[in-house]
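Notes for the structure review
Take a look at the letters that make up each chain.
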Amino acid sequence: KGKWAVTGLAAKLNENSTTNPKDVNLYGVTGKYDYSEIVKASAYAYQKDDRSNATFDHNTLNVFGVKAMGKYMGVGYGAEYAMNAGKNKQVAGTPKYTGSALKVNADYSLDLKAAGKFDFMGEYAMGSGEKAAASKTEEFQAISHNYLPGMIFGTYGVGQTMNGLGNLTTYNVGANYMPKQIEKLSVGAKFFNFAPTEKIIVNGANYDKSYGNELDLCANWKHSENVGLKAAYAMFMPEKKFAGKDTTETLMSLGLNLKF
């Protein structure tokens, strides 16, 4: 209605039994308000009700969050904050979910008529982290996370075993360039840094330094609306104290996109 939009959902993720309440259900509601180009705000609430444990006790994970995005004087921005609530009655002590997560980003486009167009972007994100506490789960718990920063770290590297922003603090800066003389070509680069929010144990000792850095490079050739080529190169450089030795990883890829 007008600038408002509200969406609700009720879903069954798993139906484990037809006779006992052992299902996993998901409920949620999202509200959005499109105030102007400067501010577009939204809020959401989700609940995952997991009764799959043999005792039929609930593992109730709630995620509440707010978002804002927009564009002001050519600068685009986005900000999101989420927090957990609920209890896990399926484990000893019935710990409460108390985690939180924050993500902010900004971008800016600069059009130099003679040279071409530049896009600059940056982002910072942090999960609350985990401390030793039997009564609380302080690491941010996402119901279904999709935050995978870096071509290597998030998908293939250290980050693939993490719960998204659970105990991760990361930032990245990058730029894209579209030269005026070669309008079908665009090249880009992005630099990432990754670190634990709270101390972790590495080789039997507390570790609170960076996991490492990653550099991603890419080039795109838009031959036409239906044909495109893409090449990418990534390098993840872990901190020696974290990895124990020099274990730099590289990734190269070539892609062809066709639309019919």
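Placed above this text is the structure.
A few points on the structure. Each chain has its residues counted from 1, following the order in which its sequence is written. Per-residue local features of the predicted model are confined to residues with pLDDT of at least 70, and side-chain atom pairs are confined, for both listing and counting, to 80 or more; whole-chain, interface and lining totals are unaffected and use all residues. Neither water nor hydrogens contribute to the side-chain values; these are computed over all heavy atoms in the structure.

Counting secondary structure elements, the protein chain contains two helices and 16 strands. Across its three principal directions, the C-alpha atoms of the protein chain cover 65 × 60 × 40 Å. Counting the 260 residues in the protein chain, one finds 30% classified as buried. Throughout, a residue-residue contact means that at least one pair of heavy atoms, one from each residue, lies within 4.5 Å. Considering only residue pairs separated by 6 or more positions, the protein chain has 51% of its internal contacts joining residues 24 or more positions apart. Accessible areas in this description were obtained via Shrake-Rupley with a 1.4 Å probe; residue shielding takes into account the shown protein chains only. When the accessible area of the protein chain is evaluated, it comes to approximately 15,700 Å², of which 57% is carbon and sulfur surface. Charge convention: Lys and Arg are scored as positive, Asp and Glu as negative, and His as well as the terminal groups of each chain are ignored. The location of each charge is read from NZ of Lys, CZ of Arg, CG of Asp or CD of Glu. The positive charge centre, built from 29 side chains, and the negative charge centre, built from 24, are 3 Å apart in the protein chain. Secondary structure elements follow DSSP: runs of H or I no shorter than four residues count as helices, runs of E no shorter than two count as strands, and numbering proceeds from the N terminus. Burial classification: accessible surface area is computed with a 1.4 Å probe over protein chains only, and a residue below 20% of its type maximum counts as buried, one above 50% as exposed, and the rest as partly exposed.

As defined by bridge partners, strand β2 (residues 24-34) adjoins strand β3 (residues 40-50) across 11 bridges and the pair is classed as antiparallel. Residue pairing in the sheet places Asn25 in a bridge with Asp49 of β3. Connecting β2 to the next strand, β3, in antiparallel fashion are five residues. Each pair of strands is called paired provided DSSP finds at least two bridges between the two strands.

Moving on: the sheet that holds β2. Taking strand neighbours across the sheet as the criterion, the 12 strands line up as β1-β2-β3-β4-β5-β7-β8-β10-β11-β14-β15-β16 in an open arrangement whose pairing is antiparallel. Strand pairing shows two members of the sheet lacking a second neighbour, β1 (4-14) and β16 (249-258), which therefore form its edges. For this sheet, the mean angle separating the axes of adjacent strands, direction not counted, is 10 degrees. Axis definition: a line fitted to C-alpha atoms, over the contacting stretch in the case of helices. Angles run 0 to 180 degrees between N-to-C directions.

Time to look at the nonpolar core. Within the largest apolar cluster, 21 residues are counted, with the highest numbers of intra-cluster contacts made by Phe153, Leu165, Leu168, Phe194, Ile200, Tyr211 and Phe242. Of all the secondary structure elements, the ones that give two or more residues to this core are α1 (150-154), β11 (185-196), β12 (200-202) and β15 (227-238). Among buried residues, those of type Ala, Val, Leu, Ile, Met, Phe, Trp, Tyr and Cys that are joined through side-chain atoms within 4.5 Å constitute a nonpolar core.

Right, let's talk about unusual backbone geometry for a bit. Of note, the phi angle at Thr94 is positive, near 45 degrees, even though the residue is not glycine. Position of Thr94 relative to the elements: it lies in the loop between β5 (75-85) and β6 (96-97). With relative accessibility at 29%, the residue Thr94 sits in the partly exposed group.

This part covers the pattern of salt bridges. A side-chain nitrogen of Lys or Arg and a carboxyl oxygen of Asp or Glu constitute a salt bridge if their distance falls within 4 Å. Within this structure, the stated rule accounts for seven salt bridges. Linking Lys12 and Asp23 is a salt bridge whose minimum nitrogen-to-oxygen distance equals 3.0 Å. Of the two residues, Lys12 sits in strand β1 while Asp23 sits in the loop between β1 and β2, which places them 11 residues apart along the sequence. Classification of Lys12 as partly exposed rests on a relative accessible area of 44%. Assessed through its relative accessible area of 12%, Asp23 is described here as buried. Measuring nitrogen to oxygen at the nearest pair gives 2.8 Å for the salt bridge that ties Lys40 to Asp34. Judged by relative accessible area, Asp34 falls into the partly exposed class, the value being 37%.

Attention now moves to the environment of Gly76. Mapped onto the secondary structure, Gly76 falls in strand β5. We classify Gly76 as buried; its relative accessible area is 5%. Each C-alpha atom, one on Gly76 and one on Asn59, is 38 Å from the other, the two residues being 17 residues apart in sequence. Ignoring anything within four residues of it in the chain, the contact list for Gly76 reads Gly70, Lys71, Asn105, Ala106 and Asp107.

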